[in-house]
Amino acid sequence: MMPLRTALLAFFAISAAPALADDVETEARDYLTGHGFETIEMSRDSGMLTAIATGKGKRIEVRYNAATGEILSQEMTMLSDERTPDES
């Protein structure tokens, strides 16, 4: 039989996982907003959180480990200015 202390630790570790995942999303959103990104879309798949954000002429895609917040990959591209010379 599993000692009570071990059972409680296992329970808290399992029950904390969704809260940690929410924290990762909140921290990612706060970081991107703080760096000037205005439009942020988040999605989750297979333990990964993907954030795609645009703002200030840039687009960034960051993939995080949804449980730990570790950045797995990131790619930034500059967006072209879609205005025509007459709109300046």
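That block above? That's the structure.
For clarity, every value in this text was computed on a predicted model and none was experimentally measured.

*Asks:* Looking at this structure, how should I read the pairing of strand β2 (residues 48-55)?
*Replies:* Every regular strand shows the same layout, with side chains that alternate between the two sheet faces. In the sheet, strand β1 (residues 39-45) pairs with β2 via seven bridges, with the strands oriented antiparallel. Residue pairing for β2: glutamate 41 is matched across the bridge by isoleucine 52. Counting the residues between successive antiparallel strands, the hairpin from β1 to β2 contains two residues, one of them, serine 46, with a positive phi of roughly 50°. Relative to strand β3 (residues 58-65), β2 runs antiparallel, the two being bridged by eight bridges.

*Asks:* Help me understand the side chain of threonine 50 in this model?
*Replies:* Within the element layout of this structure, threonine 50 appears in strand β2. With sequence-adjacent residues up to four places away left out, threonine 50 is seen in contact with Glu41, Met42, Ser43, Glu61, Val62 and Arg63.

*Asks:* Just checking my understanding: could you explain the side chain of glutamate 61 for this structure?
*Replies:* For glutamate 61, the location among the structural elements is in strand β3. Within the local environment of glutamate 61, its side chain forms a polar contact with the side chain of arginine 63, the two groups lying 2.7 Å apart.

*Asks:* Can you walk me through the environment of methionine 48 in this structure?
*Replies:* Turning to its location among the elements, methionine 48 is positioned in strand β2. The class of methionine 48 is partly exposed, set by a relative accessible area of 26%. Note: C-alpha distance between methionine 48 and threonine 68 (20 residues apart in sequence) is 9.8 Å. For methionine 48, the contacting residues outside a window of four places in its chain are Ser43, Arg63, Tyr64, Ala66 and Leu72.

Calculation rules
- Residues numbered from 1 in each chain as written.
- Predicted model: local features only at pLDDT ≥ 70, side-chain atom pairs only at ≥ 80, totals over all residues.
- Heavy atoms only, no water.
- Pairing = 2+ DSSP bridges.
- Helix = DSSP H or I, 4+ residues; strand = E, 2+ residues; numbered from the N terminus.
- Contact = heavy atoms within 4.5 Å.
- Polar contact = N/O pair within 3.5 Å; in protein donor to acceptor, adjacent residues only side chain to side chain.
- Buried < 20%, exposed > 50% of the residue type's maximum accessible area, 1.4 Å probe, protein only.

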